[in-house]
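Overview (structure and organization)
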Amino acid sequence: MRRFIPVSLLAAGLLAPSLALAGRPAVSPAAVAEIVARPDAPLVLDVRTPEEYAQGHLPGAVLIPHDQLASRLAELEGKPWVLIYCRSGRRADAAQEVLEHAGIEVRQIEGSWLRWEAEERPVALPAAEAAR
């Protein structure tokens, strides 16, 4: 006898525990400005290299390269959660694992830097920030 599973159960992730445990959904670039303006705003964390960061980054983003993150977790204290990105998402995935293992709530920016740039979102440069 063949059993049918309602599509609604599949869509809810009830029969796909690996998807349900994959963490919170990514945040779209369009939603970032609204999220960082809230009272419970996350720390926006760039986990790329210093050279990549210097070429442009999200306004207000803090740089902690993904390979230094585990040793610099204390710098993230006091923030309700962290919103991370890298160039394409690979390093952000690794950083997310480190953060979640440390008990820090984390979400990624959907599409990371490549999508941010493709959508022509605001970009900050270190020289412009220092001039303020």
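In this text the structure is predicted, and so the values were computed from the model without any measurement.

**Concerning the environment of G111**
Structurally, G111 is set in the loop between β4 (106–108) and α6 (112–118). Each C-alpha atom, one on G111 and one on A26, is 8.6 Å from the other, the two residues being 85 residues apart in sequence.

**A closer look at the sheet that holds strand β2 (residues 62–63)**
Read from one edge of the open sheet, four strands run β2-β1-β3-β4, paired in parallel fashion. With partners counted over all chains shown, the strands left at the sheet margins are β2 and β4, one partner each. Sheet topology places strand β3 (residues 82–85) next to β4; three bridges connect them, and they run parallel. Within the sheet, the bridge partner assigned to L83 lies in β4 and is R107.

**Notes on the pairing of strand β1 (residues 43–46)**
Both faces of β1 are covered, namely the face carrying L43 and L45 and the face carrying V44 and D46. Pairing between β1 and β3: four bridges, direction parallel. For L43, the partnering residue across the bridge sits in β3 and is V82. The pairing of β1 with β2 spans two bridges and is classified as parallel. Residue pairing in the sheet places L45 in a bridge with V62 of β2.

**Topic: helix α5 (residues 90–101)**
Here α5 is 12 residues long and its end C-alpha atoms lie 17 Å apart, about the 16 Å a rise of 1.5 Å per residue gives. Taken together, the buried positions of α5 are R91, A92, A95, Q96 and L99. Within α5, the buried residues cover an arc of 140 degrees as seen down the axis, which keeps them to one side. Pointing more than 90 degrees away from the buried face of α5 are the exposed residues R90, E97 and H101. Packed against the buried residues of α5 are β1, α4 (50–54), β3, β4 and α6. The first or second residue beyond α5 is G103, which carries a positive phi of 85 degrees.

Reading guide: rules and limits
- Residues numbered from 1 in each chain as written.
- Predicted model: local features only at pLDDT ≥ 70, side-chain atom pairs only at ≥ 80, totals over all residues.
- Heavy atoms only, no water.
- Helix = DSSP H or I, 4+ residues; strand = E, 2+ residues; numbered from the N terminus.
- Pairing = 2+ DSSP bridges.
- Buried < 20%, exposed > 50% of the residue type's maximum accessible area, 1.4 Å probe, protein only.
- Expected span 1.5 Å × (residues − 1).
- Arc of directions from axis to C-beta.
- Contact = heavy atoms within 4.5 Å.

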